[in-house]
Structures are given as structure tokens and as C-alpha cells.
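# Commentary on secondary and tertiary structure
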Amino acid sequence: MAGIEITKLSYNEDLEFKPVETKGEILYVTDSNVYKLDLTKKFFSQFKVKTVKNKGAKFLQGSSQTDSKAHLIVIPAGEKYKSMDTVLQISAFAQSLNFSRKSRFAAIGGGVTTDLTGFAAAIYKRGISVDFYPTTLLSMADAAVGGKTGCDFGSLKNTLGAFWCAENICMNTQFLTSLPQKEFISGLGEVIKTGLLFDNQLVNFFEENSEKILSRDVEILKTPVKRSAELKLEVVKKDLREENIRAFLNLGHTFGHALETTKGLGKITHGEAVAWGISRAAKLSLIEGLCDTDYYNRVINLLEKFGYDTNPVTDAKQIQNIIQAMKNDKKNNDTNSIRFVLQKNVDDNLTKEVSVENIIKSLSEK
């Protein structure tokens, strides 16, 4: 069984894209955008591909010309394809190839691709091994690490899924040079969050190298990308199902999710919303007497170095809408107070129920 105990992180120093060695057959899954990238074109050029149609969506499928054990499926890019239909398409192709429990899947792409492929691996033959090659910053630092897999169902995100961890997570920061700017900044928000939660040296690195990070220096990016993934992996090993310390990874998310909801999904990226949420969580920590002004200012200055919005909300109606969105959150069980991840300092975290009165102050005060 694929498990968190055997997950290995690696970084391809020579910037070549290399498959994980395996004795059994392997099905690579990527999306139509990643399939076109220069870094993957060379690798995928060995596949003889045929086109099939599935309910209006185009799936490319094929087997390797040089290695009969390797196969490829290219799924359409986009959140709307994060569906059970796509999971079943991956599974059906594997079944057509007579995949056994000794076979494995490998996802090459962002969080949508790793989520879908991981879920397919979790349910195929009651579970086969899976490897992840994350190609976005968000997936390298967060989505591909931690074993949460799944797909959207109806109008709700990630309603179906399973905890199923990759055996190998292979990262290459060269992929990050081709990311749209908003996607890069979005992923960076999660990386900064992880540093604030667990590693003062990583926070120092962000403060000292902001310009090189923003310029996407691939050598400089190795440090925060790999360290962030290592830190999350350490947490997940201790708490796979988010029963205690893994909840700290939600720093900034209660505020951030509420902002995403009130603005309308897709109007602001997840990472931008989380970064703003971290600024409000720092303010709430200050109001609650948990951190001092120096730490609050450090958090705000760090976020602003990378161009994130840290401003309070000035519109009274929007504040009420945010509060209501928080109360409706599935993780909240009380309408008179709301639970937050707060901080006393870097790597000094706690969860606390906070009154609506103080939440309003944290939203409205700089």
C-alpha cells in the first residue's frame, strides 16, 4: 500500500525530467497544458499517441515506442475537468492495459492532476502506488505533499476523495519559469505560510532573497520549494488525517476562504487570499494578546515584500459577508465564536476560539 511512511522527496539537479524506475507497468497522467511544455515534450516524445473522445472532452492515450511498460494519458486542463468522470477515464485506460496491483500511476502537473491521479490510484484495484511530479509552485509546496486526493462533485470542491500518499515526489524548479505570474504568486503564498508556521531560517531566507525569488531564479527557488515540502511532509507524517497539528496548515485559510467566497470563486487566487488571511490572522493574534507588535509588523512587512494585499476591509457590508462566510464554513461548529490558527511567533502556533467582536476588529483595523 502506498503510504506516507515511504514518501521520498527528490530534486533533479541536472534539470532533466526523469521517470521513477519501476519493474511494473506505469501510467503517466498529465494535462494538455503541461503536455506542451518544453521540459516535458522531450520526455513525452517517446510516446506514440492516438486520440479518443469522451463526452466532448479530448483525451490523448498511448504507449511508449521504446518501452512497452510505459503508457500515457493526457487529460484536459482546467478545474472543470476535476471530476469523477476523469478519474474513471484514467481507471478505464489502466484496466484496458490489464494493470495489476504491481503497476503504478504517475502524475505530472499541478494540483488538479495530482489530486485526480492520486484518487484514481487509491481506488484502482483497492490501491496501487503513485508518484507525483508537481509542476506548479502550489503543487510542489502543498497539493502534491500530504496525501489528500480527490475530485469535485456537483458544485462542491473535493467532496469525493481519499488519503493516499505518493511514494515519490520529484520536483524541478525549472517548471516554475513557465508559470503565469498569478499562479506563481499564488503558490508562493503557501510557501511563505509554511515558513511562518515552522521555520525561522526559511522566513529569514524569504526576507533576504525576495527579489531573486520574484525573478524566479531557479537555483534560489530550490531552497524554499524543497524546504517547504519537507516541512509539510514532517507534519503529515505525524498527523495524516488532520486530527491535531496538521490543522496548523490552515493558517490564514479561515480568513482567506471567506474572502474567496465573498468575492466570488476565481476572482482572487487561493494563495493571494491566504496571504491576505495571514495578515488578518496576525492582526487577530495581536488583538488577542498572543503576539507583540514586532511580530505583527514582521509578518506584514514580509507579505508586502512580495506584493500581497494586507489592507483591512473598509466596507461594513463586506465585513458582515465575510463573517457570515466564516460561520458557514464546514470546519466551524459555533455561531458565536470562530476557531482560528493563530501565532505567538514563528513556529509558535495554536488554535483558538475567537469572539465575533474581535474578528471584526481584525478585519477592519490596520
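Notes on the structure in this doc start here. (Residues numbered from 1 in each chain as written. Predicted model: local features only at pLDDT ≥ 70, side-chain atom pairs only at ≥ 80, totals over all residues. Heavy atoms only, no water.)

Turning our attention to the overall build of the chain. In terms of regular secondary structure, the chain is built from 13 helices and 12 strands. Out of the 366 residues belonging to the chain, those deemed buried represent 55%. Counting contacts in the chain only where the partners sit at least 6 residues apart, residues at least 24 apart contribute 71% of the total. Accessible surface for the chain amounts to roughly 16600 Å². Of this, 47% is attributable to carbon and sulfur atoms. (Helix = DSSP H or I, 4+ residues; strand = E, 2+ residues; numbered from the N terminus. Buried < 20%, exposed > 50% of the residue type's maximum accessible area, 1.4 Å probe, protein only. Contact = heavy atoms within 4.5 Å. Areas by Shrake-Rupley, 256 points an atom, 1.4 Å probe, with all protein chains shown as cover.)

Another aspect to go through is helix 3 (residues 111-123). The end-to-end C-alpha separation of helix 3 is 18 Å, in line with the 18 Å expected for 13 residues at 1.5 Å each. Most of helix 3 sits out of view: 10 of its 13 residues are buried. Turning to helix 3, its buried residues are Thr113, Thr114, Asp115, Leu116, Thr117, Gly118, Phe119, Ala120, Ala121 and Ala122. Lysine 125 lies just past helix 3 and shows a positive phi near 55°. (Expected span 1.5 Å × (residues − 1).)

This paragraph deals with the pairing of strand 7 (residues 129-134). Burial analysis of strand 7 places six of its six residues in the buried class, the great majority of the element. Across the two faces of strand 7 the burial is the same, with Ser129, Asp131 and Tyr133 and Val130, Phe132 and Pro134 all buried. Note: strand 6 (residues 104-109) against strand 7, six bridges, orientation parallel. Note that in strand 7 the partner of arginine 104 across the bridge is serine 129. (Pairing = 2+ DSSP bridges.)

Turning our attention to the side chain of lysine 193. Take lysine 193: it is sitting in helix 5 (residues 181-198). Exposure remark for lysine 193: the relative accessible area of 1% places this residue in the buried category. Within the local environment of lysine 193, its side chain forms a polar contact with the side chain of glutamate 190, the two groups lying 2.7 Å apart. Those residues in contact with lysine 193, other than ones at most four positions away along the chain, are Asp142, Leu249, Leu251, His253 and Ile278. (Polar contact = N/O pair within 3.5 Å; in protein donor to acceptor, adjacent residues only side chain to side chain.)

This next bit is on the packing of aromatic side chains. For any pair of aromatic rings, the description consists of the separation of the ring centres together with the inter-plane angle of the planes. Under the counting rule described, the total for this entry stands at five aromatic pairs. When the ring of phenylalanine 105 is compared with that of tyrosine 124, the centres are 5.9 Å apart and the planes differ by 45°; the resulting orientation is tilted. Taken together, the residues span a long stretch of sequence, with phenylalanine 105 in strand 6 and tyrosine 124 in the loop between helix 3 and strand 7 at a distance of 19 residues. Like phenylalanine 105, the residue tyrosine 124 is buried in the burial classification. With a centroid separation of 6.0 Å and an interplanar angle of 90°, the aromatic rings of phenylalanine 206 and phenylalanine 306 are classed as edge-to-face. Linking phenylalanine 206 in helix 6 (residues 200-208) with phenylalanine 306 in the loop between helix 11 (293-305) and helix 12 (316-328), this pair joins segments that are 100 residues apart in sequence. Phenylalanine 306 matches phenylalanine 206 in its accessibility class, with the two residues each being buried. Ring pairing ties together the aromatic residues Phe99, Phe105 and Tyr124, which thus form one cluster. Here the basic side chain of lysine 283 rests over the ring of tyrosine 296, its NZ or CZ set 5.3 Å away from the ring centre. (Phe/Tyr/Trp six-rings, centres within 6.5 Å; stacked < 30°, edge-to-face > 60°. Lys NZ or Arg CZ within 6 Å of the ring centre and 35° of its normal.)

We now examine the packing of helix 9 (residues 253-263) against helix 12. Each pair of packed helices can be summarised by the angle the axes make with each other and by the distance between the axes. The contact between helix 9 and helix 12 brings their axes to 8 Å, and the two run at 115°. In this structure, helix 9 meets helix 12 at a crossing whose hand is right-handed. From helix 9, Thr254, Phe255, Ala258, Leu259, Thr261 and Thr262 reach across to helix 12, where they touch Gln318, Asn321, Ile322, Ala325 and Met326. For the contact of helix 9 with helix 12, the residue count by class is six nonpolar, five polar and no charged. (Axes fitted to C-alpha atoms, helices over the stretch in contact; angles between N-to-C directions. Left-handed = near helix turned anticlockwise from the far one by under 90°. Nonpolar A, V, L, I, M, F, W, Y, C, P; charged D, E, K, R; others polar.)

Read these as geometric descriptors, not functional statements.
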